[in-house]
Amino acid sequence: MSTFYFIAFLSIFFSILVISAKNPVHSILYLILTFFTFTIHYILMNAQFLAIVNFIVYMGAILVLFLYTLMLINLNKESEPRKSNLVKFAGVIGGGCFLVTIVASLKALGVSHPVVLQDPNLGLVKNLGKILFNEYLLPFEVSSILLLSAMVGAVLLATKDPKIA
Amino acid sequence: MGLADIGIKFVLIVIIFAISLVVAMYSTYAERKIAAFFQDRIGPNRAGPFGILQPLADGAKMFLKEEIIPTNASGFLFIAGPSIAILTACIGSAVIPWGQKLTIGTHVVDLQVTDINVGILYIFGVVSLGVYGVMIGGWASNNKYSLLGAIRAASQNISYEISMGLSIIALLMMTGTLSLREIAEQQHGFWSHGWFTWNVFKQPLGFLIFIVCAFAETNRTPFDLPECETELVGGYHTEYSSMKLGFYLFAEYINMFVSGAVMATLYFGGYNFPFMHHLGLSENWVTILGMLALFAKIFFFIFFFMWVRWTVPRFRYDQLMDLGWKTLIPLAIANIIITGLVITFLNR
């Protein structure tokens, strides 16, 4: 349990650094560390497949592309837009109201019962695959079609002149 | 797990670490000797007999060179870049089975650091992490050439990871497991049921795609665009000097060793060799011979990497992207479909 608290602390710590870092590239690097702590969370929950997929897809692919884009457009401290004091003031008030709402709603909630997994080995590749391809076959296939259509759409948007493509 | 087991694992890790460093060290020597052979030269021959001490001399030179951190470089990340590169190169070998079980007295030693059941995916994770060393180092140098090298490395790695993953899926459909130990066990011996047991004879196209992607992922010629010196001075390590440059170069050789080990395990039977149980030897001897067989295969792959480097010229960047996206990915998908059809209709 103490491992969980330590890793949870690290997750929150790094995610705060993501939004407080001045340099966008540093933000992305902190985001990578945040995702790495998520991977450890998955391993602690014995969800090995999810852990390694989070590692490969998020840390290894998506954030590489984020970093790639940021390096190309080369944002830095000087080009960061300066907000006026009025906007900052509004932001502080808005954030404070949001915090109060969240704390109030958390107080109103009852403590949920912890879910006990029937099968602690559910997260292993074999079991996960069997469940995905038996019980949840339709949603699984539909989501793959959704991803395919998103990909085709992105390619279509990226080509300026449809005749050239 | 008792204290003795932890001790054995610790010793095993240290031995594997030492072996990968020594192999990488002597790969630099081999590379220069092989290059010399291909270009009809003699190669390094001054330090020790046949120049055998050359890697030590190179190492000492690297450590003693002046350490330069450019004024406008971002200090911490500039040092983090090569450190990440060498770290990710070294952790890949943790899931590779180096041999069968060795019995020493009462202890049975498993010659693999850890047999996690997502072994192949772990290797993929480490490979995909490897690009951060190059990207962070290239960006932190605050140099246009370095940045271009870093950007090239990123897009190259992402592109070739896809076809690498797809080529592996066809293999996994045949083996039905993600554990490298089980995949090695399935290729036991050399011949059974009227066909070769090694996966390269069952998945020739998959292996071809995999080895092309391995060249791209280790940044070896003909795919070493991130450090293309004709266009980018030195690529991502233009600003690096001393041992930080050494780490980048060294990481490449460790990557070659690990990817050779992965290819040998996945496709060339790992520690298995023909007639391994018909020689009438004891288990321990079979294990040791198997280990030697695995290393022979790895050294062959390292030689192959160098052979290609000194034979094939570098690609142009658009050719690289065309090969990755328009040739390898469709081929890999076709390979998956063919494998699926064969498994369904021939039931093998």
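Residues numbered from 1 in each chain as written. Chains lettered and ligands numbered in written order. Predicted model: local features only at pLDDT ≥ 70, side-chain atom pairs only at ≥ 80, totals over all residues. Heavy atoms only, no water.

1. Some remarks on the overall build of chain B
Here is step 1: Looking only at helices and strands, chain B has 12 helices and 4 strands in total.
Here is step 2: For 348 residues, the compact-globule estimate of 2.2 N^0.38 gives 20 Å, and chain B sits close to it at 21 Å.
Here is step 3: When the backbone C-alpha atoms are referred to their principal axes, chain B occupies close to 60 × 50 × 45 Å.
Here is step 4: The long-range fraction of contacts in chain B, counting pairs at least 24 apart against all pairs at least 6 apart in sequence, stands at 78%.
Here is step 5: About 16000 Å² of surface is accessible on chain B, with carbon and sulfur atoms providing 71% of the total.
Here is step 6: Side chains of chain B carry 20 positive and 21 negative charges; the gap between the two charge centres is 5 Å. (Helix = DSSP H or I, 4+ residues; strand = E, 2+ residues; numbered from the N terminus. Rg over C-alpha atoms; globule rule 2.2 N^0.38 Å. Contact = heavy atoms within 4.5 Å. Areas by Shrake-Rupley, 256 points an atom, 1.4 Å probe, with all protein chains shown as cover. Lys, Arg positive; Asp, Glu negative; His and termini not counted. Charge placed at Lys NZ, Arg CZ, Asp CG, Glu CD.)

2. Brief notes about the overall build of chain A
Here is step 1: Within chain A, the secondary structure is distributed over 6 helices and 0 strands.
Here is step 2: Listing every helix and strand of chain A by position from the N terminus yields α-α-α-α-α-α.
Here is step 3: Along the first, second and third principal axes, the C-alpha atoms of chain A reach 60 × 55 × 30 Å.
Here is step 4: When contacts within chain A are restricted to residue pairs at least 6 apart in sequence, long-range pairs at least 24 apart make up 53% of them.

3. Overview of the confidence of the model for chain A
Here is step 1: Overall, the prediction assigns chain A a mean pLDDT of 83, with 90% of residues at 70 or greater.
Here is step 2: Here helix α5 (residues 125–134) of chain A stands out as the element of chain A with the lowest mean pLDDT, 83, in contrast to helix α6 (residues 137–158) of chain A, whose mean of 90 is the highest. (pLDDT = per-residue confidence, 0-100.)

4. A few points about the nonpolar core
All names here are of chain B.
Here is step 1: In this structure, Trp 98, Ile 168 and Leu 266 are the most contacted members of the largest nonpolar core, which totals 107 residues.
Here is step 2: Element by element, the count of residues in this core is highest for helix α10 (residues 242–267), at 15 residues.
Here is step 3: If near-sequence neighbours (up to four positions away) are discounted, Leu 266 is found in contact with Ile 120, Ile 168, Leu 171, Leu 180, Ile 183, Gln 187, Asn 199 and Phe 210. (Core = buried A, V, L, I, M, F, W, Y, C linked by side-chain atoms within 4.5 Å. Buried < 20%, exposed > 50% of the residue type's maximum accessible area, 1.4 Å probe, protein only.)

5. Topic: the pattern of salt bridges
Residues and elements named next belong to chain B.
Here is step 1: One pass over the full model with this rule turns up 8 salt bridges over all chains.
Here is step 2: Linking Glu 67 and Lys 244 is a salt bridge whose minimum nitrogen-to-oxygen distance equals 2.4 Å. Residue Glu 67 is found in the loop between α2 (54–64) and α3 (75–91), and its partner Lys 244 is found in helix α10; the two are separated by 177 residues along the sequence.
Here is step 3: Under the relative-accessibility criterion, Glu 67 is labelled partly exposed at 47%.
Here is step 4: A salt bridge links Arg 316 to Asp 318; the shortest N-O distance between them is 2.9 Å.
Here is step 5: Salt bridges sharing common partners tie together Glu 31, Arg 220, Glu 252 and Arg 309. (Salt bridge = Lys/Arg side-chain N within 4 Å of Asp/Glu carboxyl O.)

6. Quick notes on the interface of chain B and chain A
How large an interface is tends to be reported as the accessible area lost when its parts come together.
Here is step 1: On the side of chain A, 22 residues touch chain B, which itself brings 22 residues to the contact.
Here is step 2: Here chain B and chain A share an interface that buries about 2000 Å² over both sides, 80% of which is from carbon and sulfur atoms.
Here is step 3: Counting across the chain B and chain A interface gives 0 salt bridges.
Here is step 4: Remark: the boundary between chain B and chain A carries 2 residue pairs in polar contact (both at pLDDT 80 or more). (Buried area = accessible area lost by both parts, 1.4 Å probe. Polar contact = N/O pair within 3.5 Å; in protein donor to acceptor, adjacent residues only side chain to side chain.)

7. Some remarks on the pairing of strand β2 (residues 107–110) of chain B
All names here are of chain B.
Here is step 1: Where strand β1 (residues 101–104) meets β2, 4 bridges bridge the pair, whose relative direction is antiparallel. Residue Lys 101 lies in a different strand from β2, and its bridge partner there is Asp 110.
Here is step 2: Counting the residues in the hairpin turn of β1 and β2 gives 2 residues, including Gly 105, whose phi is positive at 60°. (Pairing = 2+ DSSP bridges.)

8. Side note on the packing of aromatic side chains
All names here are of chain B.
Here is step 1: Considering all chains together, one arrives at 30 aromatic pairs over all chains under this definition.
Here is step 2: Plain terms: the ring middles of Phe 223 and Phe 315 are 5.2 Å apart, the flat faces sit at 50° to each other, and that makes the pair tilted. Taken together, the residues Phe 223 in the loop between α8 (204–217) and α9 (229–232) and Phe 315 in the loop between α11 (283–309) and α12 (317–346) connect sequence positions 92 residues apart.
Here is step 3: For Phe 223, a relative accessible area of 4% puts it in the buried group.
Here is step 4: Among the residues examined, Phe 315 registers a relative accessible area of 24% and is labelled partly exposed.
Here is step 5: Aromatic rings pair up to connect Trp 198, Phe 207, Phe 210, Phe 215, Tyr 267, Phe 268, Phe 300, Phe 301, Phe 303, Phe 304, Phe 305 and Trp 307 into one cluster. (Phe/Tyr/Trp six-rings, centres within 6.5 Å; stacked < 30°, edge-to-face > 60°.)

9. As for the environment of Asn 272 of chain B
Residue and element names in this part refer to chain B.
Here is step 1: Residue position: Asn 272 is located in the loop between α10 and α11.
Here is step 2: For Asn 272, a relative accessible area of 1% translates into the label buried.
Here is step 3: Counting along the chain gives 20 residues from Asn 272 to Leu 292, while the straight-line C-alpha distance between them is 9.9 Å.
Here is step 4: The contacts of Asn 272, once residues within four sequence positions are left out, are Ala 184, Gln 187, His 188, Gly 189, Trp 198 and Lys 297.

10. Let's talk about empty space enclosed by the protein
Residue and element names in this part refer to chain B.
Here is step 1: Under the definition given, this model contains 1 cavity of 30 Å³ or more.
Here is step 2: Looking at the largest cavity, it is lined by 30 residues, and the ones nearest its centre are Val 126, Val 127, Glu 217, Thr 218 and Asn 255.
Here is step 3: Looking at the lining of the largest cavity, the elements that each hand over two or more residues are α3, α4 (119–140), α5 (144–175), α8 and α10.
Here is step 4: Split into classes, the residues belonging to the lining of the largest cavity amount to 20 nonpolar, 8 polar and 2 charged. (1 Å grid on protein atoms, 1.4 Å probe; cavity = no way out; pocket = protein on both sides within 12 Å on 5 of 7 lines; lining within 4 Å. Points joined across faces, edges and corners; volume = space filled by probe spheres on them. Nonpolar A, V, L, I, M, F, W, Y, C, P; charged D, E, K, R; others polar.)

11. Side note on the layout of surface pockets
Here is step 1: Its volume calculated, the largest pocket comes out at about 2500 Å³.
Here is step 2: Around the largest pocket, the lining comprises 49 residues; the ones closest to its centre are Phe 49 of chain A together with Leu 121, Gly 165, Leu 166 and Ile 169 of chain B.
Here is step 3: Looking at the lining of the largest pocket, the elements that each hand over two or more residues are α3 (48–73), α5 and α6 of chain A together with α4, α5 and α12 of chain B.
Here is step 4: Ranked by the residues each element gives to the lining of the largest pocket, the list is headed by α5 of chain B, at 11 residues.
Here is step 5: Partitioned by chemical class, the residues of the lining of the largest pocket number 35 nonpolar, 10 polar and 4 charged.

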